[in-house]
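What follows is the residue order along each chain.
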Amino acid sequence: MTTSEGSCHQNACSFQFTVPAEQAPSLKLLKLDGISWILAPKDAIISRAQVGANGSAVLALKSTRANLSAYDSSACVGCALSAAAPYFDNAKRELEETFPGVDGDRPKKGLKSIRKDRTTAFYSYPANSRTTHGVAKFLDGKNPYDDVNFNKLEVTVDQKNTKLATTILNFYYYQNKQ
């Protein structure tokens, strides 16, 4: 986990995360405005990168081994609640109370939560002949100094690249750990 952007000096960054030695040569680090640090396959290319007027950000990467999709709601409360609703019951309740009649994002068909606590959900769902694995983070703004925010990273892989998805998601989780 970086303590700040200042943990990077002269093209080198320090993270409290160890990438498995056999995977390290095939990975690269990416940092884009509005999205936290992401590990990605070296051959990954950006297929979509946007930052909205409300500060929300979207990033999509494609590679031969994995497709990645990242989202951060930034300061958009409605965006955060809507996007978090499929993963967090408290976000769904807050969305219904704050924006009556507005439905949140629909859960993906076959969505299975692997680990879930108040702010973090690990999940997976089938995606054609592949599987999408993800980690979602939701801050409900109830703690002092916290804004309402939602961010997630999804990695779609075939069965032989599941370990790669696990490394990428764990890195993202540790960069966004509160």
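About the criteria used
Residues numbered from 1 in each chain as written. Predicted model: local features only at pLDDT ≥ 70, side-chain atom pairs only at ≥ 80, totals over all residues. Heavy atoms only, no water. Helix = DSSP H or I, 4+ residues; strand = E, 2+ residues; numbered from the N terminus. Rg over C-alpha atoms; globule rule 2.2 N^0.38 Å. Buried < 20%, exposed > 50% of the residue type's maximum accessible area, 1.4 Å probe, protein only. Disulfide = S-S within 2.5 Å. Pairing = 2+ DSSP bridges. Axes fitted to C-alpha atoms, helices over the stretch in contact; angles between N-to-C directions. Contact = heavy atoms within 4.5 Å. Expected span 1.5 Å × (residues − 1). Core = buried A, V, L, I, M, F, W, Y, C linked by side-chain atoms within 4.5 Å. Salt bridge = Lys/Arg side-chain N within 4 Å of Asp/Glu carboxyl O. 1 Å grid on protein atoms, 1.4 Å probe; cavity = no way out; pocket = protein on both sides within 12 Å on 5 of 7 lines; lining within 4 Å. Points joined across faces, edges and corners; volume = space filled by probe spheres on them. Nonpolar A, V, L, I, M, F, W, Y, C, P; charged D, E, K, R; others polar.

This brings us to the overall build of the chain. Tallying secondary structure elements over the chain gives 3 helices and 11 strands in all. For the chain, the N- to C-terminal ordering of α and β elements is β-β-β-β-β-β-β-α-α-β-β-β-β-α. The C-alpha radius of gyration of the chain comes to 16 Å, within 12% of the 16 Å expected for a compact globule of 178 residues. Along the first, second and third principal axes, the C-alpha atoms of the chain reach 50 × 40 × 30 Å. Looking at the 178 residues of the chain, the share that counts as buried comes to 43%.

Turning our attention to the state of the cysteines. The full count for this structure, using the stated rule, is 1 disulfide. Sulfur-sulfur distance for the disulfide between Cys-76 and Cys-79 comes to 2.1 Å. Every disulfide takes its handedness from the sign of the S-S torsion; for Cys-76 and Cys-79 that torsion is 70 degrees, giving right-handed.

Let us look at the sheet that holds strand E7 (residues 67–72). The 7 strands lie next to each other as E5-E6-E7-E11-E10-E9-E8, forming an open sheet whose pairing is antiparallel. The open sheet is flanked by strand E5 (45–51) and strand E8 (112–116), the only strands paired with a single partner. Going across the sheet, the axis of each strand differs from the next one's by a mean of 10 degrees, ignoring polarity. Across 6 bridges, the pairing between E5 and strand E6 (residues 57–62) is antiparallel. Counted as the bridge partner of Ala-49 is Leu-59 from E6. Taken strand by strand, helix H1 (residues 77–84) contacts E7, strand E10 (130–140) and strand E11 (148–157), and its axis lies near 45 degrees from that of E11.

Attention now moves to helix H3 (residues 162–175). Between its first and last C-alpha, H3 extends 20 Å over 14 residues, near the 20 Å set by a 1.5 Å rise per residue. Among all positions of H3, only Leu-164, Ala-165, Thr-167, Ile-168, Leu-169, Phe-171, Tyr-172, Tyr-173 and Gln-175 are buried.

This next bit is on the nonpolar core. Counting 28 residues, the largest nonpolar core has Ile-38, Leu-61, Leu-68, Val-135, Leu-153, Val-155 and Ile-168 as the members making the most contacts within it. Secondary structure elements with two or more residues in this core: strand E3 (27–32), strand E4 (35–41), E6, E7, E11 and H3. Apart from the residues within four sequence positions on either side, Val-135 is in contact with Thr-120, Ala-121, Phe-122, Tyr-123, Asn-151, Lys-152, Leu-153, Leu-169, Tyr-172 and Tyr-173.

Once that is clear, we can look at the pattern of salt bridges. Tallied over the entire structure, the rule returns 3 salt bridges. Where Lys-142 meets Glu-94, a salt bridge forms, and the shortest distance between an N and an O atom there is 3.6 Å. Taken together, the residues Lys-142 in the loop between E10 and E11 and Glu-94 in helix H2 (residues 89–98) connect sequence positions 48 residues apart. On the basis of relative accessible area, Lys-142 is assigned to the exposed category, the value being 56%. Two residues, Asp-140 and Arg-118, come together in a salt bridge whose shortest N-O distance is 3.2 Å. Residue Asp-140 is located in strand E10, and its partner Arg-118 is located in the loop between E8 and strand E9 (120–127); the two are separated by 22 residues in the primary sequence.

The volume enclosed by the largest pocket comes to roughly 230 Å³. If you go around the largest pocket, you meet 15 residues; those closest to its centre are Tyr-87, Asp-105, Lys-108, Lys-152 and Glu-154. Ranked by residue count, the leading element in the lining of the largest pocket is E11, at 3 residues. Tallied by class, residues from the lining of the largest pocket come to 9 nonpolar, 1 polar and 5 charged. Counted as a void, the second largest pocket has a volume near 200 Å³. Every residue lining the second largest pocket is counted, 12 residues in all, and those nearest its centre are Ser-36, Asp-72, Asn-149, Asn-151 and Asn-176.

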